[in-house]
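# Reading the structure
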Amino acid sequence: PSAMVGITRDQRRQQQCYTAQAAFEWFCFRGRQRRSLAQAIDDHMILVSIKLRVRQNPDGIPFADRLRSAVHDVLTENGQNLIDFGLNMHISIPTYHWIGRSLRSPYYSSKDFDLAVDAWVRLRAARGQFGVGGAGLLFRVAPHHADQIWEQLCEVFVEVWAQRNVDSARLRAQLLSLSRARARHRERLREWWERIQMRQEERWQREAA
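Now for a look at the structure at hand. (Residues numbered from 1 in each chain as written. Predicted model: local features only at pLDDT ≥ 70, side-chain atom pairs only at ≥ 80, totals over all residues. Heavy atoms only, no water.)

Applying the stated rule across the entire model yields 13 salt bridges. Across the salt bridge formed by Asp43 and Arg34, the nearest N and O atoms sit 2.7 Å from each other. Side by side, Asp43 and Arg34 carry an identical accessibility label, which is buried. Here Glu159 makes a salt bridge to Arg122, at a shortest N to O gap of 2.7 Å. Here Glu159, found in helix α6 (residues 143–162), pairs with Arg122, found in helix α5 (residues 113–127); they are 37 residues apart in sequence, far enough to count as distant. Overall, Arg122 belongs to the partly exposed group, its relative accessible area being 25%. Because the salt bridges share partners, they merge into one network encompassing Asp65, Arg68 and Asp114. (Salt bridge = Lys/Arg side-chain N within 4 Å of Asp/Glu carboxyl O. Buried < 20%, exposed > 50% of the residue type's maximum accessible area, 1.4 Å probe, protein only. Helix = DSSP H or I, 4+ residues; strand = E, 2+ residues; numbered from the N terminus.)

To continue, consider the packing of aromatic side chains. Evaluation of the coordinates by the stated rule reveals eight aromatic pairs. Between Phe27 and Trp120, the ring centres sit 6.3 Å apart and the planes meet at 10 degrees, which makes this aromatic pair stacked. Of this pair, Phe27 sits in strand β4 (residues 27–30) while Trp120 sits in helix α5, and the two are 93 residues apart along the sequence. Taken individually, Phe27 and Trp120 each receive the classification buried, so the pair is uniform in this respect. Judged by centre distance (4.4 Å) and plane angle (35 degrees), the rings of Phe63 and Trp120 are tilted. In this pair, Phe63 is assigned in helix α2 (residues 63–77) and Trp120 in helix α5, connecting sequence segments 57 residues apart. (Phe/Tyr/Trp six-rings, centres within 6.5 Å; stacked < 30°, edge-to-face > 60°.)

One can find His97 in helix α4 (residues 96–99). Taking the relative accessible area as the measure of exposure, His97 reaches 13% and is therefore buried. With near-sequence residues (within four places) excluded, His97 lies in contact with Leu137, Leu138, Ala146, Arg182, His185, Arg186 and Leu189. (Contact = heavy atoms within 4.5 Å.)

This part is about the environment of Glu77. Topologically, Glu77 is positioned in helix α2. The exposure class of Glu77 is exposed, given its relative accessible area of 52%.

Tracing the sequence through the fold places Phe157 in helix α6. The class for Phe157 is buried, based on a relative accessible area of 4%. In contact with Phe157, other than residues within four places in its own chain, are Ile93, Leu103, Arg104, Ser105, Leu123, Leu171 and Leu175.

Structure below.
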């Protein structure tokens, strides 16, 4: 159960432990597990500072570079480094259109920070930002484009997990099963999209007449 917003509480060896966490731009960051709530609150303040620092930096700088800089600078300012802080992370990829939930990357420890950032770059490029937040995917792209996004995302997702020696064939089969279970829902969305397209074409024809 949660101790408060941004901090989780767990039972470990009959002792309460607290962990700070913060999420932004598909990344879910966590600090080291602490026995003291006060320490976890301090960790959470550092994670929030990293989040704000990334957002304050100029948009012209790639996110990966802004994140690396923010993590290094904020931890240094607080007298810590990646290892001391115990930063760990995973990536939550929005895939509701295809499987009804998010996909999750492997968990990365502080020593794998650069590997996590590289995985984020590749997954973000494959998924894109179409239909993230607010309206559904088909408000932004056509169904055939959505199919292409899913295909390329699956390939990158499998490659990312293959770096952890996960069975690629088995993972592809799992993704296919998840997608098939959601097929009827996507078909209804496709039918809705086609009706909208027909109405727009009819309206344009009337306006042109």
